[in-house]
Amino acid sequence: MRDKKVALAKLITLEMGKLIAQAKGEIELSADIFDYYATNGEDFLADKQLTPQYGKAFIRHCPIGVLLGVEPWNFPFYQVARFAAPNIMIGNVVLIKHASMVPQCGIAI
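Residues numbered from 1 in each chain as written. Predicted model: local features only at pLDDT ≥ 70, side-chain atom pairs only at ≥ 80, totals over all residues. Heavy atoms only, no water.

**Let's talk about the pairing of strand β4 (residues 93-97)**
Here five bridges tie strand β3 (residues 66-70) to β4, and the two strands are oriented parallel to one another. Bridge pairing links Leu-68 to Leu-95 in β4. Between the parallel elements β3 and β4, the chain passes through helix α3 (residues 78-90) in a crossover that is right-handed. (Pairing = 2+ DSSP bridges. Helix = DSSP H or I, 4+ residues; strand = E, 2+ residues; numbered from the N terminus. Right-handed = clockwise from strand over helix to strand, strands pointing away.)

**Examining the packing of aromatic side chains**
Overall, the coordinates contain four aromatic pairs when judged by the stated rule. With a centroid separation of 5.5 Å and 50 degrees between ring planes, the pair formed by Tyr-36 and Phe-44 is classed as tilted. For Tyr-36, a relative accessible area of 44% translates into the label partly exposed. Counting every residue linked through ring pairs, the aromatic cluster contains Tyr-36, Tyr-37 and Phe-44. (Phe/Tyr/Trp six-rings, centres within 6.5 Å; stacked < 30°, edge-to-face > 60°. Buried < 20%, exposed > 50% of the residue type's maximum accessible area, 1.4 Å probe, protein only.)

**Observations concerning the packing of helix α1 (residues 5-16) against helix α2 (residues 20-45)**
Remark: α1 packs on α2, axes separated minimally by 8 Å, with the N-to-C direction vectors making an angle of 125 degrees. As judged from the angle between their axes, α1 and α2 are oblique. Handedness of the crossing formed by α1 with α2: right-handed. For the pair α1 and α2, contact is made by Lys-5, Val-6, Leu-8, Ala-9, Lys-10, Ile-12 and Thr-13 and by Ile-20, Ala-23, Lys-24, Glu-26, Ile-27 and Glu-28, respectively. Residue composition of the contact of α1 with α2, grouped by class: seven nonpolar, one polar and five charged. (Axes fitted to C-alpha atoms, helices over the stretch in contact; angles between N-to-C directions. Parallel < 35°, antiparallel > 145°, perpendicular 65-115°, else oblique. Left-handed = near helix turned anticlockwise from the far one by under 90°. Contact = heavy atoms within 4.5 Å. Nonpolar A, V, L, I, M, F, W, Y, C, P; charged D, E, K, R; others polar.)

**Notes on the packing of α2 against α3**
Packing of α2 against α3 brings their axes to within 9 Å, and their N-to-C directions diverge by 20 degrees. One way to sum up the angle between α2 and α3 is to call them roughly parallel. Pair α2 / α3 crosses with right-handed handedness. In this structure, α2 contributes Glu-26, Leu-29, Ser-30, Ile-33, Phe-34, Tyr-37, Gly-41, Phe-44 and Leu-45 to the contact, and α3 contributes Tyr-78, Ala-81, Arg-82, Ala-84, Ala-85, Pro-86, Met-89 and Ile-90. Across the contact of α2 with α3, the residue classes break down as 13 nonpolar, two polar and two charged.

**A word on the pattern of salt bridges**
By the definition in use, this model includes six salt bridges. Between Glu-26 and Lys-18 there is a salt bridge; the shortest N-O distance is 2.6 Å. For the pair formed by Glu-26 and Lys-18, the shared burial category is buried. Asp-47 is paired through a salt bridge with Arg-60; the nearest N and O atoms lie 2.5 Å apart. Residue Asp-47 is located in the loop between α2 and β1 (48-50), and its partner Arg-60 is located in the loop between β2 (57-59) and β3; the two are separated by 13 residues in the primary sequence. Given the relative accessible area of 34%, Asp-47 is considered partly exposed. Residues joined by salt bridges that share partners form a network here, namely Arg-2, Lys-5, Glu-28, Asp-32 and Asp-35. (Salt bridge = Lys/Arg side-chain N within 4 Å of Asp/Glu carboxyl O.)

What follows is the structure, encoded as structure tokens:
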């Protein structure tokens, strides 16, 4: 996303009229979200030992399957990153239905 920031920001500006500086910021923020989950995923998903009064217990995070994200038009990359990054990290499959007014952003993603 960072390598294609200018082109992706131009799509946002073309399709929804967001100022180019704000569009570039959205691309950077979206890339940061993916980086955050890629960097911290192992820690987030590690088993957590509990200390019940009797027996043994732990929490394990597991994927739940295929998830559908119906996305709004106003943050075409950020909203997808916010939804997709943590779910891909845990192993879910994500299906995105992007807003019809930003089709090129949807294709680019």
